[in-house]
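# Residue-level structure breakdown
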Amino acid sequence: MGLSHPKSQALLERARQVMPGGVNSPVRAFRAVGGTPLFIAEAKGAYLTDVDGQRYVDLVGTWGPAILGHARQEVVSAICDAAQRGTSFGAPTEAEVTMAEVVQDFFPSIEMMRMVSSGTEATMSAIRLARGATKRDGIVKFEGCYHGHVDSLLVKAGSGAASFGEPDSAGVPADLAQHTLTLPFNDGEGLRRLFAEKGEQLSCVILEAITGNMGVILPTPDFLSALEEVRERYGALIIFDEVMTGFRAHRGGAQAYLDFKPDLTCLGKVVGGGLPVGVYGGRADLMSHISPLGLVYQAGTLSGNPLATAAGITTLNILKQPDFFEAIEATTASIEQGWNAAIKEGQHKAVVQRAGTMITLFFSDKPVMNFDDAQACDHERFGRFHQIMLREGVYLPPSGYEACFVSAMHGQAEIDHIVNAAKIALAESAK
Ligand code: KE4
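Along each chain, numbering runs from 1 in the same order as the chain's sequence is written. Residues qualify for local features only when their pLDDT is at least 70, as the model is predicted, and side-chain atom pairs are given and counted only at 80 or more; totals for whole chains, interfaces and linings, by contrast, use all residues. Hydrogens and water molecules were not included; the side-chain quantities draw on all heavy atoms of the structure.

### Side note on the pattern of salt bridges
Formally: By salt bridge we mean one thing: a side-chain nitrogen of Lys or Arg within 4 Å of a carboxyl oxygen of Asp or Glu.
This model, assessed by the stated rule, comprises 16 salt bridges. With its nearest N and O atoms 3.0 Å apart, the salt bridge here joins Arg72 to Glu74. What you see here is one network of salt bridges that share partners, running through Glu228, Arg231, Asp263, Arg283 and Asp285.

Following this line, the structure appears as structure tokens:
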């Protein structure tokens, strides 16, 4: 069926001896789609080359960061230059100040911020801040939204929507999970009801305002109104987890795309230009609770380190250029049009949902509005589709619950390749 990947297979056997599943992050194991997880030898522009020398147009973009394309020369040079002056000092540097000022250019709602080293650290810190600032323990999240492997956010809905959350991972204490309440995404009425019942106990609502972790799903106007209402009426903080949507749904993230001002924002991925960076920040009055100013503790040895800030600043300065983001958005729209034409031509049960430069093809016969809809998609067919796309030289995220990411280096040749491969894979994956 697919190509043979003998070197990846051999490396996988070696890797399994020393890492769980042979990977450093579960989704990389290809469990959801089958086949051999590819070990990548190098990446350049819009392309990946695996250890067996096979080349693919990349639509994972290392899960978002590679918006400029892989190994962008300006970014590589900036990292190398910084490394010559030392990789980390554990002391303040001018680059961190510059980085924060550049982030504010994209996200004016982030009046003050802290850099950390991952999206998980950003969301973990943001909810601790929300709890510390409001002196409330409750958190609200939405089914299908992923915010990193934070204990309080690895929680699924309890028996009833307004009941206590239950751990969504072994190792998360039930008496911690109970403070996290979960609702369906886009359930404005459910949010209003939950707050009517428990509003005084709830510190924040954290969400991917445009989701990526169950595929690309846009919020309804009523859902956004409900967020405003519960903030206004109960004093809950609205936290936008923009680790994925930041610089992707729009150059100013989901908050710019939706014209919604959150109280706190979490960033990751693109903000570090492919190096480990997370950011959390927002209203200055809230951030003043963070140590050493206030009583909410958060720290990190490599936070704001010179290599990551060099990569981040260089990436964001390129992204700031006029029409730069718009060109990537236009490329993504061309892929969306091509996929839709292929779906229509072959009368396939599939829908395409896009926000800016992130896009998902769902095997569904109706729009996908929440996690139930996402779960109802034909994930078996997605597995077949994924393997055929690989055979045709296109590297998709190995799960139907993810978004594809396009870069500045995807041009017309890559668009044509991606669309033509999808035509073949749609036809061959149909049972
Ligand atoms: P990291 O800790 O992986 O940097 O970020 C966690 C995170 C937080 N918030 C959102 C909205 C995210 O999408 C993520 C991480 N996204 C996944 C992709 N679904 C990263 C890929 C992986 O887990 O290997």
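### Quick word on the sheet that holds strand S14 (residues 358-362)
The strands making up a sheet associate through backbone hydrogen bonding, with each pair oriented either parallel or antiparallel. Test applied: DSSP bridges decide pairing: two strands pair if at least two such bridges lie between them. Only DSSP runs of H or I with at least four residues qualify as helices, and only runs of E with at least two residues qualify as strands; both kinds are numbered from the N terminus onward. The contact criterion used is simple: two residues touch if any of their non-hydrogen atoms lie within 4.5 Å. Axis lines are fitted to C-alpha atoms, over the contacting stretch for helices. Their N-to-C directions set the angle, which ranges from 0 to 180 degrees.
Here we have three strands laid out as an open sheet, ordered S13-S14-S16, and antiparallel in their pairing. With partners counted over all chains shown, the strands left at the sheet margins are strand S13 (351-355) and strand S16 (404-405), one partner each. Note: S13 against S14, five bridges, orientation antiparallel. Paired with Gln353 across the two strands is Thr360, which belongs to S14. In the packing of helix H11 (residues 324-346) onto the sheet, the strands contacted are S13, S14 and S16, and the crossing angle to S13 comes to about 170°.

### Observations regarding the nonpolar core
Our working definition: Nonpolar core, defined: a set of buried Ala, Val, Leu, Ile, Met, Phe, Trp, Tyr and Cys residues in which side-chain atoms within 4.5 Å join the residues together. Think of it in three bands: residues with accessible area under 20% of the maximum for their type are buried, residues over 50% are exposed, and the middle band is partly exposed, with areas taken using a 1.4 Å probe on protein chains only. Here the bounds of each domain stem from an automatic or database domain assignment.
Core analysis: the largest hydrophobic core is formed by 68 residues, its most contacted members being Phe247, Val271, Leu316, Trp339 and Phe385. If you tally residues by element for this core, the top one is helix H10 (residues 306-319), at eight residues. Residue-level mapping places this core at the junction of two domains, with at least three residues from each of domain 1 (6-71 + 324-429) and domain 2 (73-319). Counting 40 residues, the second-largest nonpolar core is a separate cluster that includes Tyr234, Met244, Ala249 and Ala403.

### Focus on the site of the ligand
We count it as follows: Near is defined per residue: the residue qualifies when any heavy atom it owns lies within 4 Å of the molecule or strand. Any N or O atom pair separated by 3.5 Å or less is treated as a polar contact, with the protein-specific requirement of one donor-capable and one acceptor-capable atom, and with residues adjacent in sequence counted only for side-chain atom pairs. All accessible areas in this document rest on Shrake-Rupley with a 1.4 Å probe, and a residue is counted as covered only by the protein chains that are shown. The nonpolar class holds Ala, Val, Leu, Ile, Met, Phe, Trp, Tyr, Cys and Pro. Asp, Glu, Lys and Arg form the charged class, and all remaining residues, Gly among them, are polar.
The environment of the ligand is formed by 16 residues, the closest being Ser25, Thr120, Asn213, Asp241 and Glu402. Note that a nitrogen atom of the ligand is positioned 2.4 Å from one of the side-chain N or O atoms of Asn213. Take Asp241: an N or O atom from its side chain is 2.7 Å from a nitrogen atom of the ligand. When the ligand is considered free in solution it has 540 Å² of accessible area, and contact with the protein chains removes 85% of it. Considering only residue class, the shell around the ligand consists of five nonpolar, seven polar and four charged. Two domains each provide a minimum of three residues to the shell around the ligand, namely domain 1 (6-71 + 324-429) and domain 2 (73-319).

In short, geometric facts, not functional conclusions.
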